[in-house]
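Structure assessment
If you want the building blocks of each chain, they are given just below.
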Amino acid sequence: MDGVVQLQRQLLDYTALLFQEGFLNDQFTQLQQLQDETNPDFVVEVVSLFFEDSERLLNELANTLDQQSIDFRKVDSHVHQLKGSSSSIGAQRVQNVCIAFRNFCDAQNTEGCLKCLQQVKNEYSLVKNKLETLFKVRKTSYQIFLLFGDKLFRFLLSSPTFLLVFL
Amino acid sequence: MESCNCIDPPWPGDELLMKYQYISDFFIALAYFSIPLELIYFVKKSAVFPYRWVLVQFGAFIVLCGATHLINLWTFGMHSRNVEVVMTTAKVLTAVVSCVTALMLVHIIPDLLSVKSRELFLKNKAAELDREMGLIRTQEETGRHVRMLTHEIRSTLDRHTILKTTLIELGRTLSLEECALWMPTRTGLELQLSYTLRQQNPVGFTIPIQHPVINQVFSSNRAVKISPNCPVARLRPLAGKYMPGEVVAVRVPLLHLSNFQINDWPELSTKRYALMVLMLPSDSARQWHVHELELVEVVADQVLNLIKPIASVKKLFISSSLAPDLPEFAVGDENRLMQIMLNVVGNAVKFSNEGNISIIAFIAKSESLRDSHAPDFFPVHSDNHFYLRVQVKDSGSGIDPQDISKLFTKFAQSQSLAARNSGGSGLGLAICKRFVNLMGGHIWIESEGLGKGSTAVFIVKLGIPECSNESKLPFFPNVSANHCQTNFPGLKVLVMDDNGVSRSVTKGLLVHLGCDVTTVSSADDCLRVVSQEHNVVFLDVCMPGVDGYEVAIRIHEKFTKRRQGPLLVALTGNTDRVTKENYLRVGINGVVLKPVSVDKMRSVLSEVLEHRFLFETC
């Protein structure tokens, strides 16, 4: 059981670290609260949706900014979408870059936009990495608990000195 | 001589011959009279002779024969007519009886023979039962050995001792010639011979782990018969007329939790195994029986499990008592309840070195619910819920009263607790508290001080199922804390948002609050779908290219009277701009700033439904 507790602690530590470094904000906590028995995979689903959406948007942005004459309205709309998505799941750093990006768009500053695009890509891949790791940790931690929990439970049932009866 | 009325013997004959006849007749008579006596004597002794009347008949027959021969003795010389008459009578009777007996025997002898064959059958059955009894006794013996083995394994902490003991006891139970354990090396590429039964210090030779036989054994949890020529089985030097006994190998799962590096994940799916090899004595005709293989599999599976058993190492006595009025079934979160129990009992065991641990469970009535430890716990009674109170009392190291308040704080551990803990991080109780709170209950610990033991008490709210054979229902923790309505069951909501991610999030929020949610991604869809059934419509007013206000106006146009239409709430990402009047003008009842939290959504819905009017708030 101690291994499980350690793992749980590491999971919490890791999550706390992500919050501290600004990768995630309180909105992510809200999402976690929405996960329950009827909706056990809610966070994973929403985050996967975010990944898909973002990748698509980043491609579009790259294409749009690659053109000879850049359609800033289109760029703005894509960035707006990205900002909306990232704020919905609490990917703070991505969201912040998006805000700056939009300013550059309004000013029709190509260089600024390209720089922002690069930044957004970086931030996105960082947060993606972190979130994937987080899910792996969580899944593993649950698996381990089940593993330990089950063996411990069987041991309890089989040992003659334990008379633990659950409702 | 005419008046003598005698009968002459048929012929005078020789004197000698007559004398012999005389003697023979005498002896015959003697024998014939003694046979029935013997029969009677022996039959009386035996209890089970089934045909007594046959014996009577036979006896009569013999007696009469004897009588005939006896009377014959008189007819050798001159004898009177009376003797002749008696003789004749005897002979006639004898004839009758013997004929009857002969006829009866035809009938009786097959029966007697079948008695014999039944006897043989019973004897065989008895022998078979005997064999089975022998087997049962052996199995009981084996069972006892297994229990002893298990007990011994449990009462030792040292891993080395445990493994060695396992091998020894297995060897003894199954009368093995050799028993060996191969452990994987650190690199995981080889197996090293770590423990053997016969050799005191096994030469630590290694063999590579990639071997078809080893892979075969590792891939199944059954005990597999392997060839004695396999490298893992060549443990003893072959000698002379050595006919090696059958060899069986089984995998022993090893649980391996190392320190995790965040970026470098060990693959938990590939477990590590050790290999246990068991050899029957050579030059014997013994073969591996099914029950022996099963025994081996069970031991292999459980060995590592039993390396760190806590309670029996410490010889703690654990007792539990459940109140008789506890319902047989309840509705609740089984997993989380089990986690709480394991945590609480685990703590009790962890911090007690000896003594008793008692676990009591009963239904908590209202007096016992309001406790000084839980001043803000307001239990609400209803017909389909009950409060379960569980107390785990231990006689262990106790807790300093001033530390009690810190117990449920994450990661906080006092010196006294940390001194004897074996690696726990202090997280368990905090998690328990969260779970218990989610179940509408409360948890606390009482202790009179260090060394005086402690009692952990928790109360959780569980549902009573409608009928007892209902399957488990999902339990929705209905967290009630504040004054506003917590759930909006069945509230029909329409969400319009073009961003997929935020649409899912908003939907998730509303579903969590119990609403019936429909989503659309464009204004046209929204106008098409919106109907009188919808109570609330959430509009994202920042959709590019879409004028949220116009959508609001057109929604209202759809309904003849304002009152009939749904309540409109605008979701915006912008903090600036339009004033309240503008919103009111287009008939929007409320504005919410994205991103929305659960609490915010809850209060928004409450207010809008109550007042038909709400202005936000960041």
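Residues numbered from 1 in each chain as written. Chains lettered and ligands numbered in written order. Predicted model: local features only at pLDDT ≥ 70, side-chain atom pairs only at ≥ 80, totals over all residues. Heavy atoms only, no water.

Let's shift gears to the overall build of chain A. Looking only at helices and strands, chain A has six helices and zero strands in total. Taking all 167 residues of chain A together, 48% fall into the buried category. Expressed as a percentage of contacts within chain A between residues at least 6 apart in sequence, the contacts between residues at least 24 apart total 65%. For chain A, the computed accessible surface area is about 8300 Å², with 50% contributed by carbon and sulfur atoms. (Helix = DSSP H or I, 4+ residues; strand = E, 2+ residues; numbered from the N terminus. Buried < 20%, exposed > 50% of the residue type's maximum accessible area, 1.4 Å probe, protein only. Contact = heavy atoms within 4.5 Å. Areas by Shrake-Rupley, 256 points an atom, 1.4 Å probe, with all protein chains shown as cover.)

In this structure the tally under the stated criterion is five aromatic pairs over all chains. An angle of 45 degrees between the planes, with centres 6.0 Å apart, marks the rings of Phe50 of chain A and Phe51 of chain A as tilted. Each member of the pair, Phe50 of chain A as well as Phe51 of chain A, carries the same accessibility label: buried. A ring pair is formed by Phe218 of chain B and Tyr273 of chain B, whose centres lie 5.4 Å apart and whose planes are at 45 degrees; its orientation type is tilted. Here Tyr273 of chain B lies in strand β8 (residues 272-279) and Phe218 of chain B lies in helix α5 (residues 212-218), a separation of 55 residues in the sequence. Comparing Phe218 of chain B with Tyr273 of chain B, the two get one shared label, buried. An aromatic cluster is present here, built from Phe50, Phe51 and Tyr124 of chain A joined pairwise through their rings. It is Arg93 of chain A that lies over the ring of Phe23 of chain A; its NZ or CZ is 4.1 Å from the centre. In this structure, Lys128 of chain A packs its charged tip against the face of Phe51 of chain A, placed 5.4 Å from the ring centre. (Phe/Tyr/Trp six-rings, centres within 6.5 Å; stacked < 30°, edge-to-face > 60°. Lys NZ or Arg CZ within 6 Å of the ring centre and 35° of its normal.)

On to the packing of helix α3 (residues 42-66) of chain A against helix α4 (residues 72-89) of chain A. All names here are of chain A. At their nearest, the axes of α3 and α4 sit 10 Å apart, and the two run at 160 degrees to each other. On the basis of the axis angle, α3 is roughly antiparallel to α4. With respect to the hand of their crossing, α3 and α4 are arranged in left-handed fashion. Across from Val46, Phe50, Asp53, Ser54, Leu57, Leu58, Glu60, Leu61, Thr64 and Leu65 in α3, the residues of α4 making contact are Lys74, Val75, His78, Val79, Gln81, Leu82, Ser85, Ser86 and Ile89. Residue composition of the contact of α3 with α4, grouped by class: ten nonpolar, six polar and three charged. (Axes fitted to C-alpha atoms, helices over the stretch in contact; angles between N-to-C directions. Parallel < 35°, antiparallel > 145°, perpendicular 65-115°, else oblique. Left-handed = near helix turned anticlockwise from the far one by under 90°. Nonpolar A, V, L, I, M, F, W, Y, C, P; charged D, E, K, R; others polar.)

Now for the UniProt feature "modified residue: Phosphohistidine" (unreviewed entry) in chain A. Within the UniProt annotation, "modified residue: Phosphohistidine" (unreviewed entry) is assigned to His80 of chain A. Within the fold, His80 of chain A resides in helix α4. Leave out the neighbours within four places in its chain, and His80 of chain A touches Arg102 of chain A together with Cys542 and Pro544 of chain B. (UniProt positions renumbered as here; feature names shortened; annotations may be inferred.)

Attention now moves to the environment of Met18 of chain B. Its place among the elements puts Met18 of chain B in helix α1 (residues 15-45). Met18 of chain B sits 59 residues away from Gly77 of chain B along the chain, and the two C-alpha atoms are 9.7 Å apart.

All names here are of chain B. The interhelical angle for the contact between α1 and helix α2 (residues 52-74), taken along N-to-C directions, is 160 degrees, at an axis separation of 8 Å. When the interaxial angle is binned, α1 and α2 end up roughly antiparallel. When you trace α1 past α2, the crossing you get is left-handed. The residue inventory of the contact of α1 with α2, partitioned by class, reads 18 nonpolar, four polar and two charged.

All right, on to the UniProt feature "transmembrane region" (unreviewed entry) in chain B then. Residue and element names in this part refer to chain B. The positions UniProt marks with the feature "transmembrane region" (unreviewed entry) are residues 20-41, 53-72 and 92-113. Taken end to end, residues 20-41 is 100% helix and 0% strand, and its first and last C-alpha atoms sit 31 Å apart. The straight-line gap between the two end C-alpha atoms of residues 53-72 is 28 Å; of that span, 100% is helix and 0% is strand.

Residues and elements named next belong to chain B. Within strand β17 (residues 567-572), six of the six residues are buried, which leaves the element mostly enclosed by the surrounding structure. Burial along β17 is two-sided: the face carrying Leu567, Val569 and Leu571 and the face carrying Leu568, Ala570 and Thr572 are both buried. Two strands pair when backbone bridges link them, and β17 and strand β18 (residues 590-593) are joined in this way by four bridges, in the parallel orientation. Across the sheet, Leu571 pairs through a bridge with Val592, a residue of β18. (Pairing = 2+ DSSP bridges.)

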